[in-house]
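# Tertiary structure, described
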Amino acid sequence: MALPAQLKPIQHHLRTAQEHDKRDPVVAYYCRLFAMQTGMKLDSKTPECRKFLVKLMDQLESMKKELSDNDSISQEVVGNAHIENYALKMFIYADNEDRGGRFHKNMIKSFYTASLLLDVLSVFGELSEENIQHRKYARWKATYIHNCLKNGETPQAGPIAMDEDGEADEFGAEGFSGPGPSHGGSFRGGPPSQPYDDQDKSLGPGPAPGIGFSPSPGAGPSGPPTTSFNNIHIPPGAHAPANTPAELPPPTGGVQLSPDDFTKAQKYCKYAGSALQYEDVGTAIQNLQKALKLLTTGKE
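Let me begin by describing the structure that accompanies this report. Computed from a predicted model, the values in this text were never measured in an experiment.

### Some thoughts on a nonpolar patch on the surface
A contiguous nonpolar surface patch, about 250 Å² in accessible area, is contributed by Leu276, Val281 and Ile285. Inspection of the secondary structure assignment puts Val281 in helix H10 (residues 281–297). The exposure class assigned to Val281 is partly exposed, which follows from its relative accessible area of 48%.

### A short note on helix H3 (residues 47–66)
End to end, H3 covers 29 Å across 20 residues, agreeing with the expected 28 Å (1.5 Å per residue, within 8%). Regarding H3, the residues found buried are Cys49, Phe52, Leu53, Leu56, Leu60 and Met63. The buried side chains of H3 occupy one side of the element, clustering within an arc of 95° when seen end-on. When the buried face of H3 is taken as reference, the exposed residues oriented beyond 90 degrees from it are Pro47, Arg50, Lys51, Asp58 and Lys65. Close packing links the buried residues of H3 with helix H1 (11–20) and helix H2 (25–42).

### A short note on helix H5 (residues 76–99)
For the α-helix, the turn length of 3.6 residues means that residues three or four positions removed from each other point alike. Over its 24 residues, H5 extends 34 Å from the first C-alpha to the last, a length consistent with the 34 Å expected when each residue adds 1.5 Å. H5 sits mainly inside the fold: 21 of its 24 residues count as buried. In the segment just after H5, Gly101 is the residue with positive phi, at about 70°.

### Considering the nonpolar core
In globular proteins that are soluble, nonpolar side chains generally tend to be buried together. One finds Tyr29, Tyr30, Ile83, Phe111, Leu117 and Ile145 to be the most contacted residues of the largest nonpolar core, which totals 51 residues. Those elements that provide at least two residues to this core are H1, H2, H3, H5, helix H6 (105–120) and helix H7 (129–150). Of the residues that make up this core, three or more belong to each of domain 1 (3–72) and domain 2 (74–149). The contacts of Tyr29, once residues within four sequence positions are left out, are Leu60, Met63, Lys64, Leu67 and Ile73. Of all hydrophobic cores here, the second largest spans 6 residues; its members include Ala81, Tyr268, Tyr271 and Leu294.

### Description of the pattern of salt bridges
Per the counting criterion, the structure on display carries 10 salt bridges. Close ionic contact of Asp280 with Lys89 constitutes a salt bridge, the shortest N to O distance being 2.6 Å. Placement of Asp280 in the loop between helix H9 (259–277) and H10 and of Lys89 in helix H5 is noted, with a sequence separation of 191 residues between them. Exposure class is identical for Asp280 and Lys89. Each is buried. A salt bridge links Glu300 to Lys264; the nearest nitrogen and oxygen atoms lie 2.9 Å apart. Of this pair, Glu300 sits in the segment after H10 while Lys264 sits in helix H9; the two residues are 36 residues apart in sequence, bridging distant segments of the chain. Via salt bridges that share partners, Asp119, Arg135 and Arg139 belong to a single interconnected network.

### A word on the packing of H5 against H7
Axis separation between H5 and H7 bottoms out at 11 Å; the angle between their running directions is 45°. It follows from the interaxial angle that H5 and H7 lie oblique. Note on packing geometry: the crossing formed by H5 with H7 is left-handed. In contact with Glu84, Leu88, Phe91, Asp95 and Asp98 of H5, H7 contributes Asn131, His134, Tyr137, Ala138, Lys141 and Ile145. Class assignment for the residues of the contact of H5 with H7 results in 5 nonpolar, 2 polar and 4 charged.

Basis of the calculations
Residues numbered from 1 in each chain as written. Predicted model: local features only at pLDDT ≥ 70, side-chain atom pairs only at ≥ 80, totals over all residues. Heavy atoms only, no water. Patch = residues over 30% accessible without salt bridge, like charges linked within 9 Å, V, L, I, M, F, W, Y side chains within 5 Å. Areas by Shrake-Rupley, 256 points an atom, 1.4 Å probe, with all protein chains shown as cover. Salt bridge = Lys/Arg side-chain N within 4 Å of Asp/Glu carboxyl O. Helix = DSSP H or I, 4+ residues; strand = E, 2+ residues; numbered from the N terminus. Buried < 20%, exposed > 50% of the residue type's maximum accessible area, 1.4 Å probe, protein only. Expected span 1.5 Å × (residues − 1). Arc of directions from axis to C-beta. Contact = heavy atoms within 4.5 Å. Core = buried A, V, L, I, M, F, W, Y, C linked by side-chain atoms within 4.5 Å. Domains from an automatic or database assignment. Axes fitted to C-alpha atoms, helices over the stretch in contact; angles between N-to-C directions. Parallel < 35°, antiparallel > 145°, perpendicular 65-115°, else oblique. Left-handed = near helix turned anticlockwise from the far one by under 90°. Nonpolar A, V, L, I, M, F, W, Y, C, P; charged D, E, K, R; others polar.

Set out below in structure tokens:
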């Protein structure tokens, strides 16, 4: 069934769901859930939209039954951790490629897909300020690098100042038609997907194949960016050393912990467990340290 024009804003979340049906059904499920929730807000009254959304609901119910024994579907906190870890893994891969000056279609797609999955996190509640900034940065970087390559310019590597309106709010109907990220559980700091064919690894002058962008005004690489992005925390990348336990404050004793503190600590431990499923030791250590700091000091 064709997507009604009124629901165009969810087309790339649905495309991402389709790409992950076999690779990672959990990602596919939550992408569709986000698309349905957003679609209901966009237009749930027009007959064609209503028909489309009812079909999407049926698909979600079917997926929920199939995945009923999966903790990421039955427990929201686990599902939240799964999607967030997946999104940040893609972000870190693209960020590492960017900082290394390796500009290619796969890293552009990774930045943009990370931004879409950070959208999806809103099904679990409000996004953290950190994830809002990651989403904005990833979407802007995807547009900026694509536009540079399309215009035959060399993008500036790594974190740089960002245009205030530099988000790519809308992509062409084709989206990213190349292979999407796989999720085979063996990241080890590498890319979350196999690279594209060698000829795609370095996109020279000319448009990137299979990518149709319609960036927002002001998102292009020309002209000096207006807003400094240097004060925003960007993950250090998969190869950066994790903090050592010695950096954690010592237990103070007698700390009064609220029920909310225990919930947060439990969440960090869940995140760590999810990261270990994908052999991502760095993320696991980082989350365990956050839990330990919270439990020993009562502060995040």
